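# Structural overview
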Amino acid sequence: MEEKILEILEAISGTDEVRNDRDLNLFEAGLLDSLGVIELLVGIEEQLGIKIEPTEVDRKEIDTTNKILSYIAKR
Amino acid sequence: MNLVEIIDHYASVCPDRIVHSYRGSSLTYLQLKERSDALASYLIDTYGEDKTPIVVFGHKQHEMLICFLACVKSGHAYIPIDESLPVQRIRDIIESSRTKLVLEVSGLGSETAEGEFHVLSGNEMNSRIEGYLGKKPSVESQVQKEETYYIIYTSGSTGKPKGVQITLSNLESFVGWGLGLCSLAGTGEVFLNQAPFSFDLSVMDLYLALASGSTLYSIDKTMIANPKELFAFFRQSGVSVWVSTPSFAEMCLADSGFNEELLPALKVLLFCGETLSNNCARKLYQRFSDVKVINSYGPTEATVAVTALHVDREMCEIIEPLPVGYVKNDCRILIVDPEGVPVAEGDRGEIVIAGESVSPGYYRNQEMTAKAFSIRTIDWTGHSKTVRTYRTGDEGYLKEGLLYYSGRIDFQIKLNGFRIELEDIENNLRKLEFIENAVVLPIRKEDKVQYLTAVAVLNRKLEQKEFETVLFIKNELKKYLPEYMIPRKIVLRESIPMTVNGKINRAKLLEEIK
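Remember, it's a predicted structure, so these values are computed and weren't measured experimentally. (Residues numbered from 1 in each chain as written. Chains lettered and ligands numbered in written order. Predicted model: local features only at pLDDT ≥ 70, side-chain atom pairs only at ≥ 80, totals over all residues. Heavy atoms only, no water.)

### Notes on the interface of chain B and chain A
- Counting from both sides, the interface comprises 18 residues of chain B and, opposite them, 23 residues of chain A.
- Roughly 1800 Å² of surface becomes buried between chain B and chain A when both sides are summed, with 51% attributable to carbon and sulfur atoms.
- By the criterion of area lost to chain A, the three top residues of chain B are Lys 228, Phe 467 and Arg 488 of chain B, representing 32% of everything that side buries.
- When the shortest N-O distance is used, the salt bridge between Arg 488 of chain B and Glu 39 of chain A registers 2.8 Å.
- Inspection of the region where chain B meets chain A yields 7 residue pairs in polar contact (both at pLDDT 80 or more).
- Of all the secondary structure elements, the ones that give two or more residues to the side of chain B that touches chain A are helix 8 (221–225), helix 9 (227–237) and helix 15 (466–477) of chain B.
- By residue class, the composition of the side of chain B that touches chain A is 8 nonpolar, 4 polar and 6 charged. (Contact = heavy atoms within 4.5 Å. Buried area = accessible area lost by both parts, 1.4 Å probe. Salt bridge = Lys/Arg side-chain N within 4 Å of Asp/Glu carboxyl O. Polar contact = N/O pair within 3.5 Å; in protein donor to acceptor, adjacent residues only side chain to side chain. Helix = DSSP H or I, 4+ residues; strand = E, 2+ residues; numbered from the N terminus. Nonpolar A, V, L, I, M, F, W, Y, C, P; charged D, E, K, R; others polar.)

Structure below.
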């Protein structure tokens, strides 16, 4: 599952930095924006079957790769 | 009555009705009239016969509406600039407009506030308004039919924005048609305002709301970045007429909570600014059982939109792609070949718009105006008529009176409803001293641009990781371009492939970066 999420993130951000530096703030680094978040959630639903509503998550909960991974692991 | 008088008359018919609602605060029709009258009187006293356009800088505050009306009541066109634009872009617009006054609804920042113009701060503006309350500008001081009502700046291929001038008569023609379109005989609707006022999609919600005595319900960029907050505002909005880009509706549709329970009063959804997909229309009908989806099309140069139609449930199943509609009756659509000769019905060509909606041209930019605008005598249902025409650069075709949009002829694209000249980004990338050459490519999925990728060739090696260089480029670019124009991906390469003619081989490059 982790690998799938990393792949989705790489595809959205266009860099493997999301894999290398997992504590990097993705919003501050310009790697994720509002539409990017929607793409991420849609990608997770399509590939992993985990449905997360955009209105459920706060930016702070998913602003680094590590936080995204643990957020989804908890679902 | 002209448009401004119509808006004003609601102050006597329904003085306490809310004209603008934003973050829990409301402005009534009476307040709008009194405050815009006062500010207009101050402007007339201060600037007299000098009718130079005035910049209104801010985001979604009530004062934006007050300033817009005050400008036109005192005979000045207004230039709306959203606060999210980068400093350099704001400077370019202020410089090219040669404005003498900036009405500062949001703070301009010290870097931008210097120049050959006066800045009236929010506080000063309020005290001027208080001082002039009760004063009424004369009808003769107002912007007249053929004078410019607003100027909206759009992305230009040279790397500098161009100001589209829209006259009162252009705007009135649009409003009259637009109100008929959503068949709102009555008043008191609630219109959603999603787009910033510097994007002409906002003209659709702003003036259809004001002309019908309705309420404009504004959402801002902070809400859009935080869906939870956005939906909480939706819930209390009472929105009955939705106006947005299809992309924004798609973003909302990603949440299953976007449905008729959230927006029980919703009746009409008006889309403009980019292609409405069958899938998006279909989903909207699944979520909202009793609404009307209207698709429309038009460039800023022809006052927001010139074609529209009601896309019903049946149509989204049988016609793909969806047509963008029938042309309004005081305009005509011509489809022409590269020599400007009309093509046969059903054949593709460049979309040319003729008639009342067409702008007189770009402000203080004769060169660009001459390229796209002309006055021509064309066939007008049986007789000939001399009208203004605008070459859109869009490709499309007509079938049984319905216009279909196929895409752009040049390097202009639409991303999330924003109009972007790819060359504008490329020229700004090339300005960075360490960049040798740059190409910007739109990445499409099902014919819709998903995001932009820039390919850059550096003129020297930088002492940092590639990722850091990319981040550095993005941050540099943000000084010159609005957020939505920053390519999401930036690929660094040794060279850019060329065609045999020596042009950049975009097709090959697109393949290579996949």
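### Re the domain arrangement of chain B
All names here are of chain B.
- Under the domain assignment used here, chain B contains domain 1 (3–244) and domain 2 (413–513).
- Inter-centroid distance (C-alpha atoms) of domain 1 to domain 2 is 34 Å.
- Listed by partner, the interface residues are 14 residues for domain 1 and 15 residues for domain 2.
- Both faces combined, the contact of domain 1 with domain 2 buries some 1100 Å², and carbon together with sulfur accounts for 53% of it.
- For the domain 1 face of the interface with domain 2, the top three residues by lost area are Pro 86, Ser 155 and Ser 157, together amounting to 39%.
- Viewed at the interface, domain 2 and domain 1 are joined by 1 salt bridge.
- The partner of Asp 424 in a salt bridge is Arg 89, with the nearest N and O atoms 2.6 Å apart.
- Applying the counting criterion to the domain 1 and domain 2 interface returns 4 residue pairs in polar contact (both at pLDDT 80 or more).
- With 3 residues, helix 4 (residues 87–97) is the largest single contributor of residues to the side of domain 1 that touches domain 2.
- Taken together, the residues that form the side of domain 1 that touches domain 2 break down as 4 nonpolar, 7 polar and 3 charged. (Domains from an automatic or database assignment.)

### Describing the confidence of the model for chain B
- Residues with a pLDDT of 70 or more make up 99% of chain B, whose mean pLDDT is 93.
- Quick note on the complex model: pTM equals 0.89, ipTM equals 0.78. (pLDDT = per-residue confidence, 0-100.)

### A word on the sheet that holds strand 26 (residues 489–493) of chain B
Residue and element names in this part refer to chain B.
- Strand order in this open sheet of 3 strands is 24-25-26, and the pairing throughout is mixed. Where the open sheet ends on each side, the last strands, each with one partner, are strand 24 (435–445) and strand 26. Averaged over all pairs of adjacent strands, the angle between strand axes in this sheet comes to 25 degrees, irrespective of strand direction.
- Relative to strand 26, helix 15 is tilted by about 120 degrees, and along the sheet it contacts strand 24, strand 25 (448–458) and strand 26. (Pairing = 2+ DSSP bridges. Axes fitted to C-alpha atoms, helices over the stretch in contact; angles between N-to-C directions.)

### Here's the deal with the nonpolar core
- In terms of nonpolar packing, the biggest core is built from 87 residues, with Leu 103, Tyr 149, Leu 171, Met 204, Tyr 207 and Leu 270 of chain B touching the most fellow members.
- Membership of the second largest hydrophobic core comes to 42 residues, among which are Tyr 22, Leu 253, Ala 281 and Phe 288 of chain B. (Core = buried A, V, L, I, M, F, W, Y, C linked by side-chain atoms within 4.5 Å. Buried < 20%, exposed > 50% of the residue type's maximum accessible area, 1.4 Å probe, protein only.)

### Description of the pairing of strand 21 (residues 402–408) of chain B
All names here are of chain B.
- Across 6 bridges, the pairing between strand 20 (residues 383–399) and strand 21 is antiparallel. Along strand 21, the bridge assignment pairs Lys 399 with Leu 402.
- Taking the residues that link successive antiparallel strands as the turn, the strand 20-strand 21 hairpin has 2 residues, and the phi of Glu 400 there is positive, at about 50 degrees.

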